[in-house]
Amino acid sequence: MEQRLARGRRGILFVFTGASGVGKGSLRAAAADALRTVTYSVSATTRARRPAETDGVDYHFLERSAFEEMVARGEFLEHADYVGDLYGTPAAPVDTALAAGRDVLLEIELAGARQVKAARPEAVMIFIAPPSLAELERRLRGRGTDSEAKIQRRLARARDEIAALREFDYLIVNDRLEAAAETLRAVLAAERARAWRVSDAEIDGFLAS
Ligand code: 5GP
């Protein structure tokens, strides 16, 4: 059979980090065409479900005790406390998808992103920033789901995350949604085209064909 290059690679682990309210969900929807083949990792969290959210789709909503049991069993790729609630990425679905050659997207905050980068240095780290702090505050308030105290804590956390921007590989400023989606498509395409992702074994197989 005719041998083709870059068919046998492992999936790519993409990490999205950016303040809550920055529009990560809207950006994913705007770039849905490019993300069609990407497996979205559904996180576990102890935070209360918002009315628009579905258990098992947006998050796995867990009691704190159940979450802590998963931590104790070592089932998370990363986990972190964010503004008083626990969030974590179950490792097994991520590893299954990557081994099958499917790209995976994690949407996680900074502490978790750092854990992923330490454990998986080949992960592609993408930072999603708001056009301004004032705009972020407007979006958080507009959502109407958080108390004033929570909004203030989320804003403080957003400032800390932006200060760590240079730890990331790519920056996407979510100002105009379509422009941000175009940048994301370009990042996905460039990362998929990286030569080092083709294994030696695959090159040998290609040359021997
Ligand atoms: P929200 O409560 O607004 O859904 O999420 C709050 C923050 O937690 C966001 O920055 C979101 O990206 C992050 N987050 C969601 N899932 C995870 C996860 O599995 N691990 C970590 N570390 N952060 C997460």
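Engineer: Any chance you could break down the site of the ligand for me, citing the residues and the numbers?
Structural biologist: By nearness alone, 18 residues border the ligand, and Ser43, Arg47, Tyr59, Tyr87 and Glu109 come closest of all. A distance of 3.1 Å separates an oxygen atom of the ligand from a polar atom in the side chain of Arg50. Contact distances for the ligand include 3.0 Å between an oxygen atom and a backbone N or O atom of Gly88. Coverage of the ligand by the protein chains reaches 96% of its 510 Å² of free accessible surface. Listed by contribution, the elements that provide at least two residues to the shell around the ligand are β5 (76-82) and β6 (85-90). In terms of residue class, the shell around the ligand is made up of five nonpolar, six polar and seven charged.

Engineer: Talk me through the sheet that holds strand β3 (residues 43-45); I want residue IDs and the actual numbers.
Structural biologist: The sheet built from four strands is open, its strands ordered β4-β3-β6-β5 with mixed pairing. Edge positions in the sheet fall to β4 (59-61) and β5, since each of these pairs with one other strand and no more. Across the sheet, the axes of successive neighbouring strands diverge by a mean angle of 25°, strand direction being ignored. Bridge count between β3 and β4: three bridges; the pairing is parallel. By the bridge assignment for β4, Thr45 is matched with Phe61. Along the sheet face, helix α3 (residues 64-72) touches β3, β5 and β6 and points at about 45° away from the line of β6. Set on the sheet, helix α7 (residues 148-163) makes contact with β5 and β6; between it and β5 the angle comes to about 125°.

Engineer: Run through the side chain of Arg9, naming residues and quoting values.
Structural biologist: Its place among the elements puts Arg9 in the segment before β1 (13-17). The buried category is assigned to Arg9, whose relative accessible area is 18%. Engagement of the side chain of Arg9 in a polar contact is seen with the side chain of Asp103, the distance being 3.1 Å.

Engineer: So what about a nonpolar patch on the surface? Which residues, and what values?
Structural biologist: A surface patch of nonpolar side chains, amounting to about 360 Å² of accessible area, comprises Leu5, Ile203, Phe206 and Leu207. Inspection of the secondary structure assignment puts Leu207 in helix α9 (residues 200-208).

Engineer: Hey, could you go over the environment of Pro130 for me, with residue numbers and the actual values?
Structural biologist: Secondary-structure assignment places Pro130 in the loop between β8 (124-129) and α6 (133-143). Overall, the relative accessible area of 9% leaves Pro130 in the buried class. Discounting residues that sit within four places of it in the chain, Pro130 has contacts with Val22, Leu136, Ile162 and Val173.

Rules of the game
Residues numbered from 1 in each chain as written. Predicted model: local features only at pLDDT ≥ 70, side-chain atom pairs only at ≥ 80, totals over all residues. Heavy atoms only, no water. Near = heavy atom within 4 Å. Polar contact = N/O pair within 3.5 Å; in protein donor to acceptor, adjacent residues only side chain to side chain. Areas by Shrake-Rupley, 256 points an atom, 1.4 Å probe, with all protein chains shown as cover. Helix = DSSP H or I, 4+ residues; strand = E, 2+ residues; numbered from the N terminus. Nonpolar A, V, L, I, M, F, W, Y, C, P; charged D, E, K, R; others polar. Pairing = 2+ DSSP bridges. Axes fitted to C-alpha atoms, helices over the stretch in contact; angles between N-to-C directions. Contact = heavy atoms within 4.5 Å. Buried < 20%, exposed > 50% of the residue type's maximum accessible area, 1.4 Å probe, protein only. Patch = residues over 30% accessible without salt bridge, like charges linked within 9 Å, V, L, I, M, F, W, Y side chains within 5 Å. Salt bridge = Lys/Arg side-chain N within 4 Å of Asp/Glu carboxyl O.

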